[in-house]
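An overview of the molecular structure
Spelled out, the chains give:
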Amino acid sequence: MHHSIVHRVGAEFLGTFWLVFGGCGSAIFAAQHLVDGKDSGLGIGFVGVALAFGLTVLTMAYAVGHVSGGHFNPAVTIGLATGKRFDWKDVPAYIITQVVAGLVAGGVLYAIASGKDGFDAGANFAANGYGDSSPGGYTLMAVLIAEVVLTAFFLYIILGTTDERAPVGFAPIAIGLGLTLIHLISIPISNTSVNPARSTAVAFYQDGAAAQLWAFWLAPIVGAIIAGATYALITGVNRSAVDVEGT
C-alpha cells in the first residue's frame, strides 16, 4: 500500500512537530526545575532530555511510520535517498514539511514558554551551537565531527533495522533509543542536532543561534550521505529501491 504524497507529508508533519515539541520542549520546560530561583533537583536533566528526543521518534515511528517511513528529519530523508531507499523526487516535499512542522512546534513552544514570568528565550531555547554557544564550550570543528559521526550512525541504525531480515516491528524501538543514545553522548557538545529541522525550529529565538544554524544543516546532511552511500558497501546488504515505508 503506497500512500499519497499528501498523506505522507501529513504524517511527516505530525512526527516532526512531536519531535521538536517533545525534545526541545523537555529541554526548555523540564531539564531544570527552579523554585524561587533555586534548582529544586526535580528537573529531568540531560538524561531526561535525551530520553524525550528518543521517545518522540519511537512513538511517532509506530504511529505514522507505516504511512511516511517516519523520517521527521531532512538528514534522514537525504540519507535514505542516497542509500536508494527513498525516491529523490519526494525529497523536497518531505524536507519542506519537516522544516515547517518544526517551526510551528517552535512557535507553540514559544507561546507556552512566554506564559512564565521572567522567561527569556534568548538565553535558553534548546538551540544548537558551537564555541561560546556550545553547552560545554566545544569548538566548531569538534561539533562538526560529532554531528557528522552521530548522524551517520543514526542512518546506519535506520538502514539496518528496516531491513527485511531484521526483527520485524522493532525498528522504531532501535531508532528511538538510538536517538536517545546520540543525545546521551552529545548534549554537552552541541545540544545535539543530527536534525536540521530540529535546529531550525528554535534557532530564531535564541541569541546567536541563527548565525550558527548552517553547521547544523551541513554536518548532519554530510553524515547522512556518508551512511547512505556506504551502508550497502560495508554490510553487503543491498535493498535499493525498497522504500523504508514498505517495512
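Residues numbered from 1 in each chain as written. Predicted model: local features only at pLDDT ≥ 70, side-chain atom pairs only at ≥ 80, totals over all residues. Heavy atoms only, no water.

**Some details on the overall build of the chain**
In terms of regular secondary structure, the chain is built from 9 helices and 2 strands. Secondary structure elements in the chain, listed N-terminal to C-terminal, are α-β-β-α-α-α-α-α-α-α-α. Here the C-alpha atoms of the chain give a radius of gyration of 17 Å, agreeing with the 18 Å that 2.2 N^0.38 yields for 247 residues. Taken along the three principal axes of its C-alpha coordinates, the chain extends 55 × 35 × 30 Å. A total of 247 residues make up the chain; the buried ones form 53% of that total. Entry remark: accessible area of the chain is about 10,900 Å², with carbon and sulfur atoms responsible for 69%. Each charge sign in the chain was given a centre, from 9 positive and 14 negative side chains, and these centres are 9 Å apart. (Helix = DSSP H or I, 4+ residues; strand = E, 2+ residues; numbered from the N terminus. Rg over C-alpha atoms; globule rule 2.2 N^0.38 Å. Buried < 20%, exposed > 50% of the residue type's maximum accessible area, 1.4 Å probe, protein only. Areas by Shrake-Rupley, 256 points an atom, 1.4 Å probe, with all protein chains shown as cover. Lys, Arg positive; Asp, Glu negative; His and termini not counted. Charge placed at Lys NZ, Arg CZ, Asp CG, Glu CD.)

**Notes on the pattern of salt bridges**
As enumerated under the stated definition, the model contains 4 salt bridges in all. The salt bridge partner of D87 is K89, with a shortest N-O separation of 3.7 Å. Residue classification places D87 among the partly exposed residues on the basis of a relative accessible area of 37%. The exposure class of K89 is exposed, given its relative accessible area of 61%. A salt bridge links D163 to R165, with the nearest nitrogen and oxygen atoms 3.5 Å apart. Its relative accessible area of 63% is what places R165 among the exposed residues. Residues participating in the shared-partner salt-bridge network are R8, D87, K89 and D90. (Salt bridge = Lys/Arg side-chain N within 4 Å of Asp/Glu carboxyl O.)

**A short note on the side chain of N128**
With respect to the helices and strands, the residue N128 is situated in the loop between helix 4 (91-113) and helix 5 (140-161). There is a polar contact of 3.3 Å between the side chain of N128 and the backbone oxygen of N191. At a separation of 3.0 Å, a polar atom in the side chain of N128 contacts the main-chain carbonyl oxygen of T192. (Polar contact = N/O pair within 3.5 Å; in protein donor to acceptor, adjacent residues only side chain to side chain.)

**Quick word on the layout of surface pockets**
By volume, the largest pocket amounts to about 770 Å³. Lining the largest pocket are 29 residues, with A27, I28, F29, Q32 and N124 positioned closest to its centre. Going through the elements one at a time, helix 1 (5-30), helix 2 (45-68) and helix 4 are the ones with two or more residues in the lining of the largest pocket. Among the elements that line the lining of the largest pocket, the one with the most residues is helix 2, at 4 residues. Of the residues in the lining of the largest pocket, the class split is 17 nonpolar, 8 polar and 4 charged. (1 Å grid on protein atoms, 1.4 Å probe; cavity = no way out; pocket = protein on both sides within 12 Å on 5 of 7 lines; lining within 4 Å. Points joined across faces, edges and corners; volume = space filled by probe spheres on them. Nonpolar A, V, L, I, M, F, W, Y, C, P; charged D, E, K, R; others polar.)

**Describing helix 7 (residues 196-203)**
Counted residue by residue, helix 7 has 8 buried out of 8 residues, so it is predominantly covered. Taken together, the buried positions of helix 7 are occupied by P196, A197, R198, S199, T200, A201, V202 and A203. Backbone nitrogen of A197 and a side-chain oxygen of the N-cap are separated by 3.0 Å at the start of helix 7; the cap is N195.

**Digging into the environment of L103**
One can find L103 in helix 4. Judged by its relative accessible area of 36%, L103 is partly exposed. Spatially, the C-alpha atom of L103 lies 23 Å from that of V148, the residues being 45 residues apart in sequence. Sequence-distant contacts of L103, that is, excluding residues within four places in its chain, are made with T200, A201 and F204. (Contact = heavy atoms within 4.5 Å.)

**Focus on unusual backbone geometry**
Residue K84 is not a glycine yet carries a positive backbone phi of 60 degrees. One non-glycine residue, A126, adopts positive backbone phi at about 65 degrees. Inspection of the secondary structure assignment puts A126 in the loop between helix 4 and helix 5.

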